[in-house]
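Single-letter residue listing:
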Amino acid sequence: QAQLVESGGGLVQAGGSLKLSCTASGRTFGSMAWFRRAPGKDYEFVAVISWDSGSTYYTNSVKGRFTISRDIAKNTVYLEMNNLKPEDTAVFYCAARMGPELLDRRLYYNVWGQGTQVTVSS
């Protein structure tokens, strides 16, 4: 059965950096994405990468600060986050789907990780 395991969350001061990892087991996916959920809010799309082409797509609020990448050999996707802001505080989830399209809606992803907490202090 396919599984996603995230790591790399933590507590960081505003302006700092963190790098999240998500390793897939059981199968290879067409695209993998990061979503986040802040306290009291709904899930928010962050970024997605197409596995074969490496094409990427970001939500506007993270463009220029976050970078999504993948290591094909390790079946792992990364989210490098720089210049973090308090409003980035959330549980970050890795998600995957079979198709390669760069989609930003939660309903299109059928495999999810357990989430990793990112807290940015001011």
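Just above sits the structure.
Rules of the game
Residues numbered from 1 in each chain as written. Predicted model: local features only at pLDDT ≥ 70, side-chain atom pairs only at ≥ 80, totals over all residues. Heavy atoms only, no water. Buried < 20%, exposed > 50% of the residue type's maximum accessible area, 1.4 Å probe, protein only. Helix = DSSP H or I, 4+ residues; strand = E, 2+ residues; numbered from the N terminus. Pairing = 2+ DSSP bridges. Salt bridge = Lys/Arg side-chain N within 4 Å of Asp/Glu carboxyl O. Phe/Tyr/Trp six-rings, centres within 6.5 Å; stacked < 30°, edge-to-face > 60°.

A. Highlighting the pairing of strand β4 (residues 31–37). Burial analysis of β4 places six of its seven residues in the buried class, the great majority of the element. The turn joining β4 and strand β5 (residues 43–50), which pair antiparallel and follow one another in sequence, is formed by five residues; a positive phi near 75° is taken by Gly40. Relative to strand β9 (residues 90–97), β4 runs antiparallel, the two being bridged by seven bridges. Its bridge partner lying in β9, Arg36 is registered against Phe92.

B. The pattern of salt bridges, seen in detail. A full pass over the atoms with the stated rule returns four salt bridges. Between Arg36 and Glu44 there is a salt bridge, and its shortest N-O distance comes to 2.8 Å. For Arg36, a relative accessible area of 6% gives the class buried. Among the ionic pairs, Asp88 bridges to Arg65, the shortest N-O distance being 2.7 Å. Taken as a pair, Asp88 in the loop between β8 (76–81) and β9 and Arg65 in the loop between β6 (56–58) and β7 (66–71) lie far apart in primary sequence, 23 residues in all. An identical accessibility class is assigned to Asp88 and Arg65; each is buried.

C. Just the packing of aromatic side chains, in detail. Summed over all chains, the structure comprises six aromatic pairs. On the basis of an interplanar angle of 75° and a centroid distance of 5.7 Å, the ring pair of Phe35 and Phe45 is categorised as edge-to-face. Here Phe35, found in strand β4, pairs with Phe45, found in strand β5; they are ten residues apart in sequence, far enough to count as distant. On the basis of an interplanar angle of 75° and a centroid distance of 5.4 Å, the ring pair of Phe35 and Tyr109 is categorised as edge-to-face. Of this pair, Phe35 sits in strand β4 while Tyr109 sits in the loop between β9 and β10 (111–112), and the two are 74 residues apart along the sequence.

D. Summary view of the pairing of β9. Among the eight residues of β9, seven are classified as buried, and the element is accordingly described as predominantly covered. Here three bridges tie β9 to strand β11 (residues 116–121), and the two strands are oriented antiparallel to one another. Paired with Ala90 across the strands is Val118, a residue of β11. Pairing of β9 with β10, which is carried by two bridges, proceeds in the antiparallel orientation. Each residue of the ladder has a partner; that of Ala95, found in β10, is Trp112.

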